[in-house]
Amino acid sequence: QVQLAASGGGLVQAGGSLRLSCAASGSFFSINIMGWYRQAPGKQRELVARITSAGSTDYQDAVKGRFTISRDNAKNMVYLQMNSLKPEDTAVYYCNADVRRRSFNRPIAYWGQGTQVTVSS
């Protein structure tokens, strides 16, 4: 089994910062892309940022310049540093990882349990 455990959410005022962390554990061969998604009430889940094992990153336009995604491959962890938070960033944030259980397997997407981020105005 592969598990993703996310942490670091909370309540913050607009303009503040939060750092989310997500740790992957279990038995697997490799992790390619790791990312963060979010889902606000009444809206679909959307990509926030993602990062490959080589360090290439991709961001949603709304968070460019404010959020930074990083990862520690040795620890199988991904982070999301969120600065200059806005009320519209309020959502449940989910970490995601494309995991290859064995060298010959296709990657499968796994999801963390979600962590609430609330930004007050």
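Since the model is a prediction, treat every value here as computed from it, not as a measurement.

> In this structure, what is going on with the packing of aromatic side chains? I would like to understand it.
The description of two aromatic rings rests on the distance between their centres and on the angle between their planes. Inspection of the entire model under this criterion finds 1 aromatic pair. Ring centres 4.9 Å apart and planes at 65 degrees place the aromatic pair tyrosine 37 and tryptophan 111 in the edge-to-face group. Remark: tryptophan 111 occurs in strand E10 (residues 108-111) and tyrosine 37 occurs in strand E4 (residues 30-39); sequence separation between them is 74 residues. A relative accessible area of 38% means that tryptophan 111 is categorised as partly exposed. The aromatic ring of tyrosine 79 is capped on one face by arginine 19, whose charged end is 4.2 Å from the ring centroid.

> Can you walk me through the nonpolar core in this structure?
Nonpolar side chains tend toward joint burial in soluble globular proteins. Trp36, Val48, Phe67, Ile69, Leu80, Met82 and Tyr93 are the most contacted members of the largest nonpolar core, which totals 32 residues. The biggest single contributor to this core is strand E9 (residues 91-100), with 5 residues.

> Help me understand the pattern of salt bridges in this model?
Side chains that differ in charge, positive against negative, can pair when their charged atoms come close. Applying the stated criterion across every chain yields a total of 5 salt bridges. A salt bridge links glutamate 46 to arginine 38; the nearest nitrogen and oxygen atoms lie 2.8 Å apart. Among the residues examined, glutamate 46 registers a relative accessible area of 33% and is labelled partly exposed. A relative accessible area of 5% means that arginine 38 is categorised as buried. Ionic pairing is found between aspartate 61 and lysine 64, a salt bridge with its closest N-O pair at 3.0 Å. Three or more residues are tied together by salt bridges with common partners; here these are Arg38, Glu46, Arg66 and Asp89.

> So what exactly am I meant to see when it comes to the sheet that holds strand E1 (residues 2-7) here?
Two orientations exist for strands paired in a sheet by backbone hydrogen bonds: parallel and antiparallel. Reading across from one edge, E1-E3-E8-E7 is the order of the 4 strands in this open sheet, with antiparallel pairing throughout. Two strands close off the open sheet at either side, each with one partner strand: E1 and strand E7 (67-72). Each adjacent strand pair in this sheet contributes to an overall mean axis angle of 15 degrees, direction not counted.

> Hey, could you run me through the state of the cysteines in this one?
Note on terminology: disulfide describes a covalent bond linking the sulfur atoms of two cysteines. Enumeration according to the criterion identifies 1 disulfide in this entry. Across a sulfur-sulfur distance of 2.1 Å, cysteine 22 and cysteine 95 are joined as a disulfide pair. Its torsion about the S-S bond being 50 degrees, the disulfide of cysteine 22 and cysteine 95 is classed as right-handed. You can see cysteine 22 sitting in strand E3 (residues 18-26) and its partner cysteine 95 sitting in strand E9, a full 73 residues away along the chain. Comparing cysteine 22 with cysteine 95, the two get one shared label, buried.

Reading guide: rules and limits
Note that residues are indexed from 1 along each chain, following the sequence as it is written. pLDDT decides what is reported in this predicted model: residues at 70 or higher carry local features, side-chain atom pairs at 80 or more are listed and counted, and totals for whole chains, interfaces and linings draw on all residues regardless. By convention in this description, side-chain values take in all heavy atoms of the structure and omit both hydrogens and water. Side-chain rings of Phe, Tyr and Trp, where Trp is taken by its six-membered ring, are said to pair if the distance between their centres is within 6.5 Å; with planes under 30 degrees apart they count as stacked, over 60 as edge-to-face, and otherwise as tilted. A run of H or I in DSSP becomes a helix once it reaches four residues, and a run of E becomes a strand once it reaches two; helices and strands are each numbered from the N terminus. When a residue's accessible area, from a 1.4 Å probe over protein chains only, is under 20% of the maximum for its type it is buried; when over 50% it is exposed; and in between it is partly exposed. Charge over a ring is defined by NZ of Lys or CZ of Arg lying within 6 Å of the ring centre and within 35 degrees of the ring normal. Residue types Ala, Val, Leu, Ile, Met, Phe, Trp, Tyr and Cys, when buried and joined through side-chain atoms within 4.5 Å, form a set referred to as a nonpolar core. Think of a salt bridge as a Lys or Arg side-chain nitrogen and an Asp or Glu carboxyl oxygen that are within 4 Å of each other. We call two strands paired when DSSP finds no fewer than two bridges between them. Each axis is a line fitted through C-alpha atoms, taken for helices only over the stretch in contact, and angles between the N-to-C directions span 0 to 180 degrees. Two cysteine sulfurs form what is called a disulfide whenever their separation falls within 2.5 Å.

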